[in-house]
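Analysis of the macromolecular model
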Amino acid sequence: MLEKLSHIGIAVKSIEEALTLYRDILGCSLEKIREMPERSLKVAFLDLDGTHIELLEGTGPESAISKFVEKRGGGIHHLCFNVSNIDEALESLSEEGIRLIDRQARTGAEGNPVAFLHPKSTGRVLIELEQD
Ligand code: CO
């Protein structure tokens, strides 16, 4: 079902500060920064030879990322894997008894259909599926 690792989502307090580490010191290339005010979210995409790091910064107290950072001080938030057909993947996971956060795919930060699986069904790892 899974084709490859698309990106690792990392929750940060400040994208500006996190770029000092990921871009300036570790040498990942910054592809773009996207503001998503409707989700109280700012996202930076860094490329590392085809795998991406997605830095997530909450821009309001109601954002799930802000809550995550407040509770845990930031860190790995989710893993995203590519699938070729997200509707089929969600149907088959549901048949296997995997709990889904999104029963239907929605449009993700990069414009592709995405859906999250419930961490209670995945050993506490938040998994995002993205159709490529
Ligand atoms: Co993601």
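Higher on the page you've got the structure.
How each quantity is defined
Residues numbered from 1 in each chain as written. Predicted model: local features only at pLDDT ≥ 70, side-chain atom pairs only at ≥ 80, totals over all residues. Heavy atoms only, no water. Donors = N, O, S within 2.8 Å, 3.2 Å for Na, K, Ca; no water. Tetrahedral: all angles 85-135°; square planar, octahedral: opposite > 155°, others 65-115°. Helix = DSSP H or I, 4+ residues; strand = E, 2+ residues; numbered from the N terminus. Buried < 20%, exposed > 50% of the residue type's maximum accessible area, 1.4 Å probe, protein only. Polar contact = N/O pair within 3.5 Å; in protein donor to acceptor, adjacent residues only side chain to side chain. Contact = heavy atoms within 4.5 Å. Arc of directions from axis to C-beta.

Only His7 (NE2), Glu54 (OE), His78 (NE2) and Glu128 (OE) from the protein coordinate the cobalt ion, and they sit 2.1 to 2.3 Å from it. In this structure, the cobalt ion is surrounded by 4 donor atoms whose angles at the metal cover 85 to 169 degrees, and the resulting shape is irregular. Between consecutive donor residues of the cobalt ion, the sequence gaps follow H-x46-E-x23-H-x49-E. With Glu54 in strand 4 (residues 51–58) and His78 in strand 5 (residues 75–83), the pair connects residues that are 24 residues apart, well separated along the chain. There is no split in this pair, since Glu54 and His78 are both buried.

Right, let's talk about the side chain of Ser63 for a bit. By the element assignment, Ser63 lies in the loop between strand 4 and helix 2 (64–72). Residue Ser63 is classed as buried on the basis of its relative accessible area of 4%. Polar side-chain contacts of Ser63 include one of 3.1 Å to the backbone nitrogen of Ile65. Those residues in contact with Ser63 that lie beyond four places of it in its chain are Arg39, Ser40 and Gly58.

Next up on the list: the environment of Arg99. Tracing the sequence through the fold places Arg99 in the loop between helix 3 (86–95) and strand 6 (106–107). Classification of Arg99 by relative accessible area gives partly exposed; the value is 44%. Residues Arg99 and His118, spaced 19 residues apart in sequence, show a C-alpha to C-alpha distance of 5.3 Å.

Looking only at helix 2, the buried set comprises Ile65, Ser66, Phe68 and Val69. Considered in projection along helix 2, the buried side chains sweep an arc of 160 degrees and stay on one side of the axis. Across from the buried face of helix 2, at angles greater than 90 degrees, the exposed residues are Ala64, Glu70 and Lys71. Where helix 2 is buried, its residues meet strand 1 (4–12), strand 3 (41–48), strand 4 and strand 5. Residue Gly73 follows helix 2 closely and has a positive phi angle near 75 degrees.

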